[in-house]
Amino acid sequence: MPAEGCRWGGVAVVLRGRESRPHGEGRQRKEQEVTVMSEDAPVNTGAAMPPGEGQAKVAVRRIQNKLHCWAGADRARRFDDLYNLVCVQSVLTMAWERVAGNRGARTAGVDQASVAWIESRYGVQTFLHEVRDRLRSRTFVPTPVRQVMIPKASGKLRALGIPTVTDRVVQAALTIVLEPIFEADFQSVSYGFRPNRRAQDAIAEIHHFTTKSYEWVLEADIEACLDACSYCFLSDCYASNSACGGFGGSIRSPLRRPVRR
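Basis of the calculations
- Residues numbered from 1 in each chain as written.
- Predicted model: local features only at pLDDT ≥ 70, side-chain atom pairs only at ≥ 80, totals over all residues.
- Heavy atoms only, no water.
- Helix = DSSP H or I, 4+ residues; strand = E, 2+ residues; numbered from the N terminus.
- Buried < 20%, exposed > 50% of the residue type's maximum accessible area, 1.4 Å probe, protein only.
- Areas by Shrake-Rupley, 256 points an atom, 1.4 Å probe, with all protein chains shown as cover.
- Axes fitted to C-alpha atoms, helices over the stretch in contact; angles between N-to-C directions.
- Parallel < 35°, antiparallel > 145°, perpendicular 65-115°, else oblique.
- Contact = heavy atoms within 4.5 Å.
- Nonpolar A, V, L, I, M, F, W, Y, C, P; charged D, E, K, R; others polar.
- Pairing = 2+ DSSP bridges.
- Salt bridge = Lys/Arg side-chain N within 4 Å of Asp/Glu carboxyl O.
- Expected span 1.5 Å × (residues − 1).
- Bend = angle between axes of the 7 residues up to and from the residue.
- Phe/Tyr/Trp six-rings, centres within 6.5 Å; stacked < 30°, edge-to-face > 60°.
- Core = buried A, V, L, I, M, F, W, Y, C linked by side-chain atoms within 4.5 Å.

1. Observations regarding the overall build of the protein chain
And then number 1: Each helix and strand in the protein chain was counted, giving eleven helices and three strands.
And then number 2: Listing every helix and strand of the protein chain by position from the N terminus yields α-α-α-α-α-α-β-β-α-α-α-α-α-β.
And then number 3: Expressed as a percentage of its 261 residues, the buried residues of the protein chain come to 39%.
And then number 4: Looking at the protein chain as shown, the accessible area adds up to about 16,000 Å², and 52% of this sits on carbon and sulfur atoms.

2. Topic: the packing of helix α4 (residues 89-100) against helix α5 (residues 115-122)
Two measures define how a pair of helices packs: the angle their axes make with one another and the distance between the axes.
And then number 1: Running from amino to carboxyl end, α4 crosses α5 at an angle of 125°, the nearest separation of the two axes being 10 Å. By the angle between their axes, α4 is oblique relative to α5. For the pair α4 and α5, the contacting residues are Trp96, Val99 and Ala100 in the first and Val115, Ile118 and Glu119 in the second.
And then number 2: Each residue belonging to the contact of α4 with α5 can be placed in one class, and the counts come to five nonpolar, no polar and one charged.

3. What to know about unusual backbone geometry
And then number 1: Despite not being glycine, Asn196 has its phi angle at roughly 60°, a positive value.
And then number 2: With respect to the element layout, Asn196 can be found in the loop between α7 (165-183) and α8 (199-210).
And then number 3: A positive phi is found at Ser213, a non-glycine position, where the angle reads about 80°.
And then number 4: By the element assignment, Ser213 lies in the loop between α8 and α9 (225-228).
And then number 5: Looking at Ser213, the relative accessible area reads 46%, which means it is partly exposed.

4. A few points about the pairing of strand β2 (residues 157-162)
And then number 1: In the sheet, strand β1 (residues 146-151) pairs with β2 via six bridges, with the strands oriented antiparallel. Across the sheet, Val148 pairs through a bridge with Leu160, a residue of β2.
And then number 2: In textbook terms, the turn of a hairpin is the stretch between consecutive antiparallel strands, and for β1 and β2 this stretch comprises five residues, one of which, Gly155, has a positive phi near 100°.

5. A closer look at the pattern of salt bridges
And then number 1: One pass over the full model with this rule turns up two salt bridges.
And then number 2: Between Arg194 and Glu183 there is a salt bridge, with its nearest N and O atoms 2.8 Å apart. Here Arg194, found in the loop between α7 and α8, pairs with Glu183, found in helix α7; they are eleven residues apart in sequence, far enough to count as distant.
And then number 3: Its relative accessible area of 5% is what places Arg194 among the buried residues.
And then number 4: Judged by its relative accessible area of 3%, Glu183 falls in the buried class.
And then number 5: Note that Asp201 and Arg198 form a salt bridge whose closest N and O atoms lie 3.9 Å from each other.

6. As for α7
And then number 1: Across its 19 residues, α7 extends 26 Å between first and last C-alpha, which sits within 8% of the 27 Å expected from 1.5 Å per residue.
And then number 2: Of all the bends in α7, the greatest, near 30°, is centred on Val177, and the proline Pro180 appears no more than four residues after it.
And then number 3: With 16 of 19 residues buried, α7 is to be regarded as a mostly interior element.

7. What about the packing of aromatic side chains?
And then number 1: Counted according to the given criterion, the structure contains four aromatic pairs.
And then number 2: Through successive ring pairs, a cluster of aromatic residues spans Trp96, Trp117, Tyr122 and Phe127.

8. Quick notes on the environment of His129
And then number 1: Mapped onto the fold, His129 is located in helix α6 (residues 124-136).
And then number 2: For His129, a relative accessible area of 34% puts it in the partly exposed group.
And then number 3: Residues His129 and Gln89, 40 residues apart in the sequence, show an inter-C-alpha distance of 8.0 Å.

9. A few points about the nonpolar core
And then number 1: If you look at the biggest cluster of nonpolar residues, it comprises 38 residues, and the most contacted ones within it are Leu67, Leu135 and Val169.
And then number 2: For this core, the elements supplying multiple residues, two or more each, are α2 (53-73), α3 (83-86), α4, α5, α6 and α7.
And then number 3: Of all the elements, α7 adds the most residues to this core, at ten residues.
And then number 4: Those residues within four positions of Leu67 in sequence are excluded, and the remaining contacts are Phe79, Leu82, Leu85, Val177, Pro180 and Ile181.

10. Side note on α4
And then number 1: An ideal rise of 1.5 Å per residue puts 16 Å on twelve residues; α4 measures up with 16 Å between its terminal C-alpha atoms.
And then number 2: Those residues of α4 not exposed but buried are Gln89, Ser90, Val91, Leu92, Thr93, Met94, Ala95, Trp96 and Val99.
And then number 3: Each element contacted by the buried residues of α4 is listed here: α2, α3, α5, α6 and α7.

What follows is the structure, encoded as structure tokens:
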């Protein structure tokens, strides 16, 4: 961890009256005059040898801390070289660990390749080196997802897209790089879909404030929110915030028409 002590932690939102909160955690750190990392110490994108899981975790944590501190110190900062970070070997190693540790690791995409198949027949390091080469040469193209229909409690069916393992690893790498930047803008009352936060934490906070004379809890849900939202609009909003050179195609490409199987 950096000596400066700048960290980032891990969208259901809990709203309560009679209290105002400052903006995201990154803003709070700036207001508290915490020293952030200098631009003279850029993140290290080199990788001489394939890192082990422990080394990769430390290297990725350093990259994330720097990105989060920079985003928290300057809201208008433009990140123009994030694509190269996705190609860092330690980032891809941690992305693989996330995918392999997921409950869906046994499920294959349209290429019929599962995590276990890659480990036993292909080799993890060989697989990651090939993914890295395709990313660096800008020849990586996501594969259409395998779509299956899952029954819901209401009796309706929900479409579930299953990407290939390769696409999942690249998506996880994108998340590793982008998450600490956007985390700096979240408010402390946001719990959903954030690292190290869960719905149970929001419930615990509700319980805490209801014992402190608060009487109202408001819950809202947008029906079929992701079904109706414009992905192009969301990706444009993302691009305007982060200005990540070369990321536009990587964000839009996975939105291709799914393959029903």
